[in-house]
Amino acid sequence: MTTPRTAAPARVRFAGFGARFAVAAGLMLPVLPVEASAQAQGQIQSQTQGQAPAAVPVQAPAQAVLAGGKLEAKYEASLAGIAVGKGQWAIDINEDQYSATASGGTAGLLKAFAGGSGSGQSTGRVVAGALVPSNYQAVTTSAKKSETIKMLITPGYVKEFSIEPEPPLDPEKIPITDAHRRNVIDPMTGSLMRVGGTGELLTPDSCRTGASIFDGRMRYDLKLDYKRMESVKAEKGYRGPAIVCAVYFTPIAGYVPDRAAIKYLAAQRNIEVTLVPIAGTRVLVPYRMVVPTPLGVAMLEATEFVTTPAPAKAVAKTN
C-alpha cells in the first residue's frame, strides 16, 4: 500500500519555482518573468520601452552627453511574501563604454530545498549617448546542472551565441532564425533604459517605449507604458522620486506556443517595474519589479541603491 503524496510535492514545486525566480532575479534580467514561468510550467499545465518592437534603447537619439555614473545595488527577491533570494548589481557608464555585472542566488529556507546561483555580465559602447551592447554572458547553477549562455553582438545584431551544455532540440519550439537576431539587444542591456533629450527624466513619456530582446534562448518583445509616480527609500542610498511602468511581454520565437506558462505571462497586465536614475546619466534602472504568478506575487526590490555621478573631466584652457 502506497501513501498518497500531497504536501511534499507542493513544497518541492514551490522550492523549484522559487529557486529559479531567485536566481533570475539576482541576474536582474527582464527575462526574469520568463525564467520563473518556465519553472512553473508543470504546475500550470500538469501551471524590464508605446513604440514598435524594433524601438530599442540603442536607437534613441542623444541630444545631451553626460560624463557618466555608477551604481552599486543590492536586491532581495520574494515570492508570496516569502524571501527566496538575494542579488547585487554593479553598473558603470562613462562617455564611451559601459558594463553591468550581476550575481544572485537563493536565500533563507528555500536554499535548503532548492539551492541555486547565477551571474551575468553585459558590456558595450556608448555611442552618441546610446548603449550599444557587444558581449553578454549568463551562468546559472543548481544542484542538478550548470548552464552558460554567451552572445557576441554587433550593433543591433547577435553575431554569435551559444548555450553550454547544448540543450536538446525541441521540435515544438518556434525556431530562432537569423531575422530574430536582428534589431535586438541582450536582456541586461534591456534593463538599462535610456531616456533621450535634455528634459526631465521621470515623465510619463519615459515609460512609453519598448525593447526587442534576445537572451540566447528566446526572442521576445517588452513594451512599457506609464502607470504612476511614487517615492522610494532604500535602506542605504537612493531616496526620491521614481516612475512606475507597466510591462507587457510578447513571445516571438524560441518557445513552445502551447505551454500554459508562456500564455499566462503574455496575458498578464499587472507586471510593473519601478525605475530610478543612475546619477550623472540619462539612464533609468529597475528599483523594484512586481510579477504576478500562480503561486503569488513575485517581487524584486532594492535594499541598497548607491549611485554616484562620474567626476567631470577638466577642460584644457586656451590662450
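Predicted model, so just to flag it, every value in this text is computed and none were measured.

(A) Spotlight on the state of the cysteines. Applying the stated criterion to the full structure yields one disulfide. Two residues share a disulfide in this structure: Cys 207 and Cys 245, whose sulfurs sit 1.8 Å from each other. On the S-S bond that ties Cys 207 to Cys 245, the torsion sits near -75 degrees, and the link is left-handed. With a gap of 38 residues between them, Cys 207 in helix 5 (residues 204-207) and Cys 245 in strand 12 (residues 239-253) connect regions that are remote in the sequence.

(B) How the structure looks around the pattern of salt bridges. Scanning all chains against the criterion turns up 11 salt bridges. For Asp 178, the salt bridge identified is with Arg 182, shortest N-O distance 2.9 Å. Measuring nitrogen to oxygen at the nearest pair gives 2.7 Å for the salt bridge that ties Glu 230 to Arg 288. Of this pair, Glu 230 sits in strand 10 (residues 219-233) while Arg 288 sits in strand 14 (residues 283-293), and the two are 58 residues apart along the sequence. What you see here is one network of salt bridges that share partners, running through Lys 227, Arg 228, Glu 230, Glu 272, Arg 288 and Glu 301.

(C) Focus on the pairing of strand 14. In terms of residue burial, strand 14 counts as a mostly covered element, since 11 of its 11 residues are buried. Here two bridges tie strand 8 (residues 193-194) to strand 14, and the two strands are oriented antiparallel to one another. In the sheet register, Met 193 faces strand 14, and the bridge partner there is Leu 284. Pairing between strand 13 (residues 272-277) and strand 14: six bridges, direction antiparallel. Directly across from Val 276, in strand 14, lies its bridge partner Val 285. Hairpin remark: strand 13 followed by strand 14, antiparallel, with five residues in the connecting loop; positive phi at Gly 280, about 85 degrees. Judged from the six bridges that link them, strand 14 and strand 15 (residues 296-309) form a sheet pairing that is antiparallel.

(D) The packing of aromatic side chains, seen in detail. Scanning the entire structure with this criterion turns up five aromatic pairs. With a centroid separation of 5.1 Å and 85 degrees between ring planes, the pair formed by Phe 161 and Phe 214 is classed as edge-to-face. Of this pair, Phe 161 sits in strand 7 (residues 157-164) while Phe 214 sits in strand 9 (residues 210-214), placing them 53 residues apart in sequence. Judged by its relative accessible area of 33%, Phe 161 is partly exposed. Geometrically, the ring pair formed by Tyr 287 and Phe 305 is tilted, given 5.9 Å between the ring centres and 55 degrees between the ring planes.

(E) Layout of the pairing of strand 9. The buried count for strand 9 comes to five of five residues, which makes it a mostly enclosed element. Summarising the sheet, strand 9 and strand 10 pair through five bridges and their orientation is antiparallel. Within strand 10, the residue paired with Phe 214 across the bridge is Arg 219. Between strand 9 and strand 10, which pair antiparallel and follow one another directly, the connecting turn spans four residues, one of which, Gly 216, has a positive phi of 95 degrees.

(F) The arrangement of the side chain of Asp 215 in detail. On the secondary structure map, Asp 215 appears in the loop between strand 9 and strand 10. One buried charged residue, Asp 215, forms no salt bridge at all, with the nearest opposite charge on Arg 217 at 5.7 Å. One polar contact links the side chain of Asp 215 to the main-chain amide nitrogen of Arg 217, over a distance of 2.8 Å. For Asp 215, the side chain forms a polar contact with the main-chain nitrogen of Met 218, separated by 2.6 Å.

(G) Representation of the confidence of the model for the protein within the structure. Averaged over the protein, the pLDDT score is 79; the fraction of residues at 70 or greater is 74%. Within the model, pLDDT remains below 50 along residues 1-20, and this stretch shows 28 contacts once partners closer than five positions in the same chain are excluded. For residues 25-65, every residue scores under 50 in pLDDT, and the model assigns this stretch 132 contacts once sequence neighbours within four places are set aside.

About the criteria used
Residues numbered from 1 in each chain as written. Predicted model: local features only at pLDDT ≥ 70, side-chain atom pairs only at ≥ 80, totals over all residues. Heavy atoms only, no water. Disulfide = S-S within 2.5 Å. Helix = DSSP H or I, 4+ residues; strand = E, 2+ residues; numbered from the N terminus. Salt bridge = Lys/Arg side-chain N within 4 Å of Asp/Glu carboxyl O. Buried < 20%, exposed > 50% of the residue type's maximum accessible area, 1.4 Å probe, protein only. Pairing = 2+ DSSP bridges. Phe/Tyr/Trp six-rings, centres within 6.5 Å; stacked < 30°, edge-to-face > 60°. Lys, Arg positive; Asp, Glu negative; His and termini not counted. Polar contact = N/O pair within 3.5 Å; in protein donor to acceptor, adjacent residues only side chain to side chain. pLDDT = per-residue confidence, 0-100. Contact = heavy atoms within 4.5 Å.

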